[in-house]
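Each chain is listed here by its residues.
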Amino acid sequence: MHIESLAIHAGQKPDPTTGAVMTPIYQTSTFVQAGVGEHQGYEYARTGNPTRAALEACLAELEGAAHGLAFASGMAAIDTILKLLDPGDHVLASNDVYGGTFRLFDKQYRKYGLDFSYAELTDLDAVRAGLRPNTRFVWIETPTNPRLKVVDIAAVAEIAHTQNPEIRVVVDNTFATPYLHQPLTLGADVVVHSTTKYLGGHSDVVGGAIQTSDTALFEKLKFLQNAAGAVPGPMDCFLVLRGLKTLAVRMDRHGENALAVAQFLADHPGVADVIYPGLDTHPQHAVAARQMRNFGGMISFTLKGGAEAARKLVAATRLFALAESLGGVESLIELPAGMTHGSTKGSPLEVGPELIRISVGLEHKQDLIEDLAQALASQ
Ligand SMILES: *Cc1c(COP(=O)(O)O)cnc(C)c1O
């Protein structure tokens, strides 16, 4: 089946007891047992819940994975992957990652003896040079948050696996979603998501997920999911399942709207630089055109007036709401330096105060362009 159909049906069938078309919200913490250990697959809801099982199965199919796990947030999913490591292990990460990911790496796991280094993963020589004998993970975001660098997943996975087949290539696929590309089919080993963003798609739920076809790895992750218990509740799972049904149509429109907004910004005299993988001025436009179905809904840009103009602009938009997060139906605008990426201050990943990031929503593109035009005119 195509991904449009899988997003609606995978992991879900009408409820056998009532015929309900939608997966029920199994709001229960425990499940009755006929005798000790005799149950219908569920015993305690931290270990497993049918609503969560439907979401895990659906997301696994969307990523072309054998296994899926759902978590209470994207960060809980990332935290669970990091727990696979031992002191002395090294992670080679992209030099542009979500601020919360950097914070967890640098401010928490470093003190447990894990080593993190950050390289320009769009430069394959830098990937080769960054790998060490103790490298266990290569951590890719693509497009990266917030600079929208596009990493060639297949090329990086090939280099890492050639150097050491034990290295696991992890892709945070939050920005692209499986609709724009499926990292496992490109050679990655593990995919992680913040389902809070495009997968949920409606800014009404926080969640995370992991997909992999490596069964041994999955067993360890599943053990950790149950042992630590950062699981999503059934209502949250239901909301992501509901959001997923329209993933394909939403991603098509996000991409169409973002391209129009990026072109408008690129032509505007007050704009200094526009970063959007769909513009042929983007340094990895060719990789993006080959790797992605469309170029996604995220744009970063700077103004000729610098940081001060940026602060004024984000306060002057009416349709674009000033808020963290992304991937919802409504358009959002933010300054990463003071908001989503505050934790990178003083680090090599620090984001300049002039950078503006927008999440282009599903409003009419003309309304979005007019809003940015009036906000730019008010500078
Ligand atoms: C938001 C985000 C996360 C963290 O997800 P939460 O659901 O907020 O915990 C991780 N990676 C990327 C790329 C994100 O944008």
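Here is what the cut-offs are and how they apply
- Residues numbered from 1 in each chain as written.
- Predicted model: local features only at pLDDT ≥ 70, side-chain atom pairs only at ≥ 80, totals over all residues.
- Heavy atoms only, no water.
- Pairing = 2+ DSSP bridges.
- Helix = DSSP H or I, 4+ residues; strand = E, 2+ residues; numbered from the N terminus.
- Contact = heavy atoms within 4.5 Å.
- Axes fitted to C-alpha atoms, helices over the stretch in contact; angles between N-to-C directions.
- Domains from an automatic or database assignment.
- Buried area = accessible area lost by both parts, 1.4 Å probe.
- Salt bridge = Lys/Arg side-chain N within 4 Å of Asp/Glu carboxyl O.
- Polar contact = N/O pair within 3.5 Å; in protein donor to acceptor, adjacent residues only side chain to side chain.
- Nonpolar A, V, L, I, M, F, W, Y, C, P; charged D, E, K, R; others polar.
- Buried < 20%, exposed > 50% of the residue type's maximum accessible area, 1.4 Å probe, protein only.
- Lys, Arg positive; Asp, Glu negative; His and termini not counted.

Caption draft 1: Fine view of the sheet that holds strand 12 (residues 356-359). The strand order across the open sheet formed by 5 strands is 8-9-12-11-10, and the pairing between neighbours is mixed. The two strands at the open ends of the sheet, each matched to only one other strand, are strand 8 (271-275) and strand 10 (321-322). In terms of strand pairing, strand 8 meets strand 9 (residues 298-303) through 4 bridges, oriented antiparallel. Within the sheet, the bridge partner assigned to Ile275 lies in strand 9 and is Ser300. Contacts between helix 12 (residues 306-316) and the sheet are confined to strand 9, strand 10, strand 11 (332-334) and strand 12, with strand 9 contributing the most and set at about 130° to the helix.

Caption draft 2: Summary view of the domain arrangement of the protein. Here the protein is described as being made up of domain 1 (3-244) and domain 2 (247-377). Between the C-alpha centres of domain 1 and domain 2 the distance comes to 25 Å. Listed as interface residues are 43 residues of domain 1 and, on the opposing side, 41 residues of domain 2. Counting each side, the surface lost to burial between domain 1 and domain 2 is near 3,400 Å², with a carbon and sulfur contribution of 62%. The largest share of the area that domain 1 buries against domain 2 comes from Tyr179, Leu180 and Tyr198, three residues that together contribute 24% of it. Here Arg290 makes a salt bridge to Asp152, at a shortest N to O gap of 2.7 Å. Scanning the region where domain 1 abuts domain 2 turns up 21 residue pairs in polar contact (both at pLDDT 80 or more). For the side of domain 1 that touches domain 2, the secondary-structure elements that each account for two or more residues are helix 1 (3-9), helix 4 (99-108), helix 6 (153-163), helix 7 (177-180) and helix 9 (234-244). Top contributing element to the side of domain 1 that touches domain 2 by residue count: helix 4, with 5 residues. Partitioned by chemical class, the residues of the side of domain 1 that touches domain 2 number 20 nonpolar, 15 polar and 8 charged.

Caption draft 3: The side chain of Asp172, seen in detail. Here Asp172 is to be found in strand 5 (residues 168-172). One buried charged residue, Asp172, remains without a salt bridge, the closest side chain of opposite sign being Lys197 at 7.4 Å. Separated by 2.6 Å, the side chains of Asp172 and Thr174 make a polar contact. In this structure Asp172 touches Ile78, Trp139, Ile140, Glu141, Thr142 and Val192, once residues within four positions along its chain are discounted.

Caption draft 4: Geometry of the sheet that holds strand 3 (residues 115-119). Strand order in the open sheet formed by 7 strands is 1-7-6-5-4-2-3, with mixed pairing between adjacent strands. This sheet does not close on itself; its edge strands, each paired only once, are strand 1 (67-71) and strand 3. For this sheet the average axis-to-axis angle between neighbouring strands, irrespective of direction, equals 20°. With 3 bridges connecting them, strand 5 and strand 6 (residues 190-194) associate as parallel partners. Note that in strand 6 the partner of Asp172 across the bridge is Val192. Strands in contact with helix 4 are strand 2 (90-94), strand 3 and strand 4 (135-141); relative to strand 3, the strand with the most contacts, it is inclined by about 140°. Across the sheet, helix 8 (residues 215-228) touches strand 1, strand 5, strand 6 and strand 7 (208-212), and the angle it forms with strand 1 is around 25°.

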